[in-house]
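# Examination of the molecular architecture
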Amino acid sequence: VDLTVRSADGRREISESSVVNVLLPFVAGFFFVYVVISSSGYLLQAVTTEKENRTVEIMATSLSSMQLIGGKSGGLLAVALTQLAVWIGSLVLLLVIGAFFVPELRAVEVSGSLVLVILLYFIPSFALMAGFMIAIGSAVTELQQGQQISGILNLLFMAPFFVVVVLFAKPDGPLAVAMTLFPTTSFLTITLRWGLTTVPPWQLVLSWLLLVASAGVTVWLAARVFRIGMLNYGQRLDWASIRAALRS
């Protein structure tokens, strides 16, 4: 039996030989989100540790809060991209070697548009998560407190995995569109939808603009919270103090 599944609008077609290509966006989405979350966790640890041992006070004598935060984010972003390059290179090498022994791997085709979307969304997604982690690390007094809060925050980025059944059933439904436009879930939702349907260009453009804008505002606000948190050594910031810092 040669089975071919075609979408109702005729824009997507899946055959037995191309089923791996449908699963590839799911693997890519999980892979890149894992990198973003793990790398941003290092940033939370760096901020809270330097705040505890008061190293940051020495650095603050020659750097502004925005320069200090930008340097930390840029350094960890470079580490994350280096890890990605090593892992992707290893994966490509395994696929090339495995194609000689597993016939199904010969049908794997990496979409250039998928790679472009992942590259465009990776950096602003990383910046958005970094801004959240910096703000959390600046507001708490101990690393353990920050880890508890960041664990809850990570659920916002991983939310599409919890509704993946709905995305499978209705990849163009209202929930899928809403999660595509929401900044914390846009990256993963688009990669999940990529193997199931054709994402309209206006959704891609609008979600990317919202993601970039949210990342920029979050990093800027995180720098303000970091500055006031550094001045309140040993004290945990409450919401009133954070709001006052943002208004000042």
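Because the structure is a prediction, the values reported are computed rather than measured.

Turning our eyes to something else, we now look at helix H3 (residues 65–98). With 34 residues, H3 extends 49 Å from end C-alpha to end C-alpha; this agrees with the ideal 50 Å at 1.5 Å per step. When we look at burial in H3, the residues that qualify are Ser65, Leu68, Ile69, Lys72, Ser73, Leu76, Leu77, Ala80, Leu84 and Gly98.

Here we come to a nonpolar patch on the surface. Residues Ile88, Val92, Leu93, Val96, Ile97, Phe100, Phe101 and Val102 make up a contiguous nonpolar surface patch of roughly 800 Å² in combined accessible area. Secondary-structure assignment places Leu93 in helix H3.

Turning our eyes to something else, we now look at the packing of aromatic side chains. Using the criterion set out here, one finds three aromatic pairs in the structure. Between the aromatic rings of Tyr121 and Phe187, the centroid separation amounts to 6.3 Å while the plane-to-plane angle is 20°, which identifies the pairing as stacked. Linking Tyr121 in helix H4 (residues 112–139) with Phe187 in helix H8 (residues 183–194), this pair joins segments that are 66 residues apart in sequence. The burial state of Tyr121 is the same as that of Phe187; both residues are buried.

This part is about the environment of Leu206. Following the sequence through the fold, Leu206 ends up in helix H9 (residues 201–231). According to the relative accessible area criterion, Leu206 is partly exposed, its value standing at 34%. Along the sequence, Leu206 and Phe182 sit 24 residues apart, while their C-alpha atoms lie 10.0 Å from each other.

Turning our attention to the confidence of the model for the protein chain. Of the residues in the protein chain, 78% have a pLDDT of 70 or more, and the chain-wide mean is 77. When mean pLDDT is taken per element in the protein chain, helix H7 (residues 174–181) scores highest with 92 and helix H10 (residues 239–247) scores lowest with 64.

What counts, and where the lines are drawn
Residues numbered from 1 in each chain as written. Predicted model: local features only at pLDDT ≥ 70, side-chain atom pairs only at ≥ 80, totals over all residues. Heavy atoms only, no water. Helix = DSSP H or I, 4+ residues; strand = E, 2+ residues; numbered from the N terminus. Expected span 1.5 Å × (residues − 1). Buried < 20%, exposed > 50% of the residue type's maximum accessible area, 1.4 Å probe, protein only. Patch = residues over 30% accessible without salt bridge, like charges linked within 9 Å, V, L, I, M, F, W, Y side chains within 5 Å. Areas by Shrake-Rupley, 256 points an atom, 1.4 Å probe, with all protein chains shown as cover. Salt bridge = Lys/Arg side-chain N within 4 Å of Asp/Glu carboxyl O. Phe/Tyr/Trp six-rings, centres within 6.5 Å; stacked < 30°, edge-to-face > 60°. pLDDT = per-residue confidence, 0-100.

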